[in-house]
Each structure stands twice: as C-alpha cells, then as structure tokens.
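Descriptive structure summary
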Amino acid sequence: MFSFFKFLQNSLKDLKKNKGLWFTILGVLSIAGIFLCLYILTHLTENVSKDVYQNISTNYVKNYKNRVLKKEENFKKILLTLRTNNFLIDNIEKNDLIAVGNKISEYNVNFRKTGFETLQISFYPILNQVNQYRNSINSVISSKAKAYGVEVLQDGIFYVYIEPILKDDILIGILELREEIQNFKQEYSRDDTIFLVLLEERMLNQLSIKARNGKYRKVLDSIYVEELKYDGQFFGKIIESGKEEYKNLLDIGYSVDDTYFRAAHKLSDINGNIIGVIVLGETVAGSGAFVNIVDNMTKTVTTVALGLVISILLFMF
C-alpha cells in the first residue's frame, strides 16, 4: 500500500514537471466532472418533472372518481324524494301505471325546466310483468339490490342509478335515474379543464342507428368519439399523435405535448366491463398553467447548467 502511494506521488511530480500534459489532464478531468454533474442535474430534474406529471394525473383521476361518487349521492337524494312520495308509492303498489306514469312525467318536466336536460326518471313495473327488461334491470329485480354505474343505452352513454321499491319486503317496482355522462363536460369546463369520453367500437352496437350514424368518429384503432359533443382540438391532437403515443398514454397514465396535458382512466360499465377511456386534460399555453410551470422549470435548470459549463470553459481557456 505504501509503495502504491509512493508511486502516485512520484507520478504526480513527473506530471507537474510536464506542465502541458498536467494542464491537459486537469482540463479533461474538469470538463468530464462538469458534464457528469450536468447529466446528474438534468436527470434529476427530468425525474422530478415525471413525478409531478404523475401526481397531476393521479389527482385528475381521483377528482373524476370523487365526481362520480358525488353524482351517486345526488341520485340517491332525488330517488329518496320519490320513495317518500306516498301518492307515487301507493299507485305503484296498486299497479296503476297511468297514475305512476303521470307522476314520473311531472318530475322529468321539472328537470328540464330547471336545466337538467338529460336527467330522467323511469319506472319499471313488476306486477303482471310480461316483457324482460335489459340485463341491469333484470339483475336488480333478481337481487333486490340497487345498482349504479355507466351504461351504453340506445340513446347514449349514461350514469344510471337503479333502485328496487320494496313494500313489506316485497318488490313492487324499479325506479331508475339516469343522466348523460357527457354532462361532466360542463363541470370540467367551469374549472378550465377538459373532459372526453372515448368509446370502444364494440359498444357502438348498443346504440340505436339514430344515436350512432354520422355522430361517432374513429379516433384510433377501435376507439370512437361522439364528435359534436367534445372538444375537437383535444381529441384531434390524440389522432395526430398516433397509436404509439396513445398506447403510452394508457400505459403511463398521462401525456404532455406543446398544447395539452392529458390524463387517462379506463371506463368500466355497471357490470365491470371496460367499455372505453375517460381522458381529462388542460391546455399548457400560458405561464399560469401548472403543467407549463413544470416544463419551464426543466428548461430553466438545463439552460442554467449549460451556461455554467460554458462559463467555466471560458474561464479555463
């Protein structure tokens, strides 16, 4: 060990005598060290940016799920007013479908008058039932348990709340409250964010010809969008970015380009089947956008680091 240190000491003395070689080695080591520090700094900054983007994406999805839960609570409250309406319940028990239908119509008219255009109540009688209903209604009839979630129906994509009406533990009818999923777009617009629903091609057959033809546009592969109901520039950028970028969006959960930040969440229906994708996002234009602040931070750190390298090199030579 002593011999090794002695060897190093002698080598340094020899190098210092050859000043050209000595300064060349010092210069090379200094430059290598600077670029190593630059790489580490840039790498750390990029990792921080990715973590921030991931957190934004997670918060977007969490916010969406909270909105879905809030909608469920609101549906419960509305249906509670129906279940506590003695006139309605008495006529359901008597199987007076005309009186029940008139009362339900009153509620639906009031919804439209107050601006809830796609909010609608439906009643499904149980006594003297002849026709089978759709699977979700039949499931509630069999289980006597409520159900809530997304369904692709003939006239669109809806959040539905299906509740059995019991009298002395006997099922006497089914009440359903539904609202178009597209209504979330208005809520997000108020927060300066963007809401988009992409539907799997296989689900288009659930829609009526009137609700489907000429209204849905292919985005990528087997994914479609109801063109007139959503932001054309937003889904247009997804089309422009291509299949690989869309796949990354689904795999990573977010994507960023020069126009938008996007977060993706797979959409499941009331039975738990994946039927499409919810894409949430915001524009990155303007220094006030948080996503843009992160991007500017990364660019600033890189610029400062490069400036530092150039300054040191000029000082050395």
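Our structure is the block above this text.
Residues numbered from 1 in each chain as written. Predicted model: local features only at pLDDT ≥ 70, side-chain atom pairs only at ≥ 80, totals over all residues. Heavy atoms only, no water.

For the protein chain, the count of helices and strands is 10 helices and 10 strands. When each of the 317 residues of the protein chain is scored for burial, the buried share is 41%. Long-range contacts, defined as pairs at least 24 residues apart, comprise 57% of the intrachain contacts of the protein chain with a sequence gap of at least 6. Of the roughly 18,500 Å² that the protein chain leaves accessible, carbon and sulfur atoms contribute 56%. (Helix = DSSP H or I, 4+ residues; strand = E, 2+ residues; numbered from the N terminus. Buried < 20%, exposed > 50% of the residue type's maximum accessible area, 1.4 Å probe, protein only. Contact = heavy atoms within 4.5 Å. Areas by Shrake-Rupley, 256 points an atom, 1.4 Å probe, with all protein chains shown as cover.)

Moving on, we get to the pattern of salt bridges. Enumeration according to the criterion identifies 18 salt bridges in this entry. Between Glu179 and Lys71 there is a salt bridge; the shortest N-O distance is 2.5 Å. In this pair, Glu179 is assigned in strand β4 (residues 170-180) and Lys71 in helix α2 (residues 19-83), connecting sequence segments 108 residues apart. Assigned by exposure class, Glu179 and Lys71 land together as buried. The salt bridge involving Lys103 is made with Glu106; its shortest N-O contact spans 3.4 Å. Of this pair, Lys103 and Glu106 are both found in helix α4 (residues 97-113), three residues apart, which corresponds to roughly one turn of the helix. A cluster of three or more residues bridged by salt bridges with shared partners is formed by Arg134, Glu151, Asp155, Glu176 and Arg178. (Salt bridge = Lys/Arg side-chain N within 4 Å of Asp/Glu carboxyl O.)

Examined against the element boundaries, Ile165 turns out to sit in strand β3 (residues 156-167). Assessed through its relative accessible area of 3%, Ile165 is described here as buried. In contact with Ile165, not counting residues within four places along its chain, are Arg83, Ile89, Ile170, Leu171, Ile172, Gly173 and Leu175.

The strand order across the open sheet built from four strands is β1-β4-β3-β2, with neighbouring strands paired in antiparallel fashion. At either end of the open sheet lies a strand with only one pairing partner, and these are β1 (120-125) and β2 (147-153). Across this sheet, the average inter-strand angle for adjacent strands is 30 degrees, counted without regard to direction. When β3 meets β4, the two strands line up antiparallel, connected through 10 bridges. (Pairing = 2+ DSSP bridges. Axes fitted to C-alpha atoms, helices over the stretch in contact; angles between N-to-C directions.)

This next bit is on the nonpolar core. Residues Tyr64, Tyr159, Ile181, Phe195, Leu196, Leu198 and Leu267 are the most contacted members of the largest nonpolar core, which totals 65 residues. At eight residues, the largest contribution of residues to this core is made by α2. The contact partners of Ile181, leaving out residues within four places of it in the chain, are Tyr64, Val150, Ile157, Phe158, Tyr159, Phe195, Val197, Tyr230, Leu267 and Ile278. Judged by nonpolar contacts, the second largest core, of 13 residues, contains Ile126, Leu153, Phe158 and Leu171. (Core = buried A, V, L, I, M, F, W, Y, C linked by side-chain atoms within 4.5 Å.)

Moving on to a negative patch on the surface. Together, Asp90, Glu93, Asp168 and Asp169 give the surface a local cluster of negative charge. On the secondary structure map, Asp169 appears in the loop between β3 and β4. Judged by its relative accessible area of 61%, Asp169 is exposed. (Patch = residues over 30% accessible without salt bridge, like charges linked within 9 Å, V, L, I, M, F, W, Y side chains within 5 Å. Lys, Arg positive; Asp, Glu negative; His and termini not counted. Charge placed at Lys NZ, Arg CZ, Asp CG, Glu CD.)

Below, the discussion takes up the environment of Val219. Along the polypeptide, Val219 turns up in strand β6 (residues 216-220). Placed 19 residues apart in sequence, Val219 and Ile238 show a C-alpha to C-alpha distance of 7.5 Å. If we skip the residues at most four places from it in the chain, Val219 touches Leu198, Tyr224, Val225, Ile238 and Ile239.

Glancing now at helix α3 (residues 86-93). Taken residue by residue, α3 has Leu88, Ile89, Asn91 and Ile92 as its buried positions. End-on view of α3: buried residues confined to an arc of 165 degrees, all on one side of the axis. Between the side-chain oxygen at the start of α3 and the backbone nitrogen of Phe87 there is a gap of 3.2 Å, and the oxygen is on Asn85. One or two steps after α3, the chain reaches Asn95, where phi turns positive at roughly 65 degrees. (Arc of directions from axis to C-beta. Polar contact = N/O pair within 3.5 Å; in protein donor to acceptor, adjacent residues only side chain to side chain.)

Positionally, Ser57 belongs in helix α2. Setting aside chain neighbours within four positions, we find Ser57 in contact with Gly253, Tyr254, Phe261 and Ala263.

With that settled, the discussion passes to the sheet that holds strand β7 (residues 223-226). Across the sheet, six strands lie side by side as β6-β7-β5-β10-β9-β8; this open sheet has antiparallel pairing. Strands with a single pairing partner mark the edges of an open sheet, and in this sheet they are β6 and β8 (254-256). Mean inter-strand twist for the sheet, computed between neighbouring axes without regard to direction, equals 30 degrees. Pairing analysis gives four bridges linking β6 to β7, with the strands arranged antiparallel.

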